[in-house]
Amino acid sequence: MNAARIEYTEKGVMHAASRRCDIVRISMSSATLAILTQFNLPKQFYLDIPDARITKVGCLLMKVNANNTIEVRFLRLLTQKELNKIFVYSTHPAHKDYVLDIRA
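From a predicted model like this one, the values you see are computed outputs, not experimental measurements.

Undergrad: Honestly, the side chain of T32 in this entry has me stumped. Any pointers?
TA: In this fold, T32 is placed in strand β3 (residues 30-35). For T32, the contacting residues outside a window of four places in its chain are D22, I23, V24, R25, T69, I70 and E71.

Structure representation (structure tokens):
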């Protein structure tokens, strides 16, 4: 339950586009994203998670569901530290006890 942003290029390299989304489920290798409106996504794009300060995670579109959710696979594995940062800023009740270790 984190806010995120999908970034991709339209018309080749000429026009960069950005769309807001919400992270519904996330693991080290994949995620389920909820998008607000229907729009055409390319097969590859970047995912930014501004609250956790994680930028430019390469994604591959795996499946588009009918309920405005998409399933993506990451082009690199997220580290446990990155996942913890995402969970700290999550609004999901299961993540309310996560704290950010500033020493790490």
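Next, the rest of the story.
Undergrad: Where do I start with the sheet that holds strand β4 (residues 44-49) in this structure?
TA: Either a parallel or an antiparallel arrangement is found when strands of a sheet pair, and the pairing is made through backbone hydrogen bonds. Strand order in the closed barrel formed by six strands is β1-β2-β3-β6-β5-β4, with antiparallel pairing between adjacent strands. With direction set aside, neighbouring strand axes in the sheet form an average angle of 45 degrees. Bridging between strand β1 (residues 2-10) and β4 involves three bridges; their strand directions are antiparallel. By the bridge assignment, R5 is partnered in β4 with D48.

Undergrad: Explain the packing of aromatic side chains here, please?
TA: A ring pair, where both rings are aromatic, is described by two values, the distance of the centres and the angle of the planes. For the structure shown, the criterion picks out zero aromatic pairs. A cation over an aromatic ring shows up here: K56 above the ring of Y46, its NZ or CZ 5.0 Å from the ring centre.

Undergrad: What exactly am I supposed to notice about the pairing of strand β6 (residues 69-74) here?
TA: Look at any regular strand and the pattern is simple: side chains alternate between the two faces of the sheet. Relative to β6, β3 is paired through five bridges, and the arrangement is antiparallel. Across the sheet, S30 pairs through a bridge with R73, a residue of β6. For strand β5 (residues 54-64) and β6, the ladder comprises five bridges, and the chain directions are antiparallel. Following the sheet pairing, C59 is matched in β6 by F74. Linking two consecutive strands that pair antiparallel, namely β5 and β6, is a turn of four residues; a positive phi of about 60 degrees is found at N68 within it.

Undergrad: Is there a simple way to explain the nonpolar core in this structure?
TA: If you look at soluble globular proteins, the nonpolar side chains tend to sit buried side by side. Grouped together as the largest cluster of nonpolar side chains are 27 residues, with contacts concentrated most on I6 and L47. Within the residue set of this core, elements represented by two or more residues are β1, β2 (15-26), β3, β4, β5, β6 and α1 (80-88). Once you skip the residues sitting within four places of it in the chain, L47 turns out to touch A4, R5, I6, C21, L33, I54, T55, K56, V57, C59 and F74.

Undergrad: What should I look at first to understand the environment of V24 in this one?
TA: Inspection of the secondary structure assignment puts V24 in strand β2. For the pair V24 and A34, spaced 10 residues apart in the sequence, the C-alpha separation amounts to 6.4 Å. When neighbours within four sequence positions are excluded, V24 is seen to be in contact with M1, T32, L33 and A34.

Undergrad: What's the story with the state of the cysteines in this structure? I'm lost.
TA: What makes a disulfide is a covalent bond joining the sulfur atoms belonging to two cysteines. Using the criterion set out here, one finds zero disulfides in the structure. Of the cysteine sulfurs around C59, a residue in no disulfide, the closest is that of C21, at 8.8 Å.

Undergrad: Which parts of the structure should I look at to understand the side chain of D48?
TA: Mapped onto the elements of the fold, D48 is located in strand β4. Judged by relative accessible area, D48 falls into the buried class, the value being 5%. Beyond its immediate chain neighbours, meaning those up to four positions away, D48 contacts A4, R5, E7, I54, T55 and K56.

Definitions and cut-offs
- Residues numbered from 1 in each chain as written.
- Predicted model: local features only at pLDDT ≥ 70, side-chain atom pairs only at ≥ 80, totals over all residues.
- Heavy atoms only, no water.
- Helix = DSSP H or I, 4+ residues; strand = E, 2+ residues; numbered from the N terminus.
- Contact = heavy atoms within 4.5 Å.
- Pairing = 2+ DSSP bridges.
- Axes fitted to C-alpha atoms, helices over the stretch in contact; angles between N-to-C directions.
- Phe/Tyr/Trp six-rings, centres within 6.5 Å; stacked < 30°, edge-to-face > 60°.
- Lys NZ or Arg CZ within 6 Å of the ring centre and 35° of its normal.
- Core = buried A, V, L, I, M, F, W, Y, C linked by side-chain atoms within 4.5 Å.
- Buried < 20%, exposed > 50% of the residue type's maximum accessible area, 1.4 Å probe, protein only.
- Disulfide = S-S within 2.5 Å.

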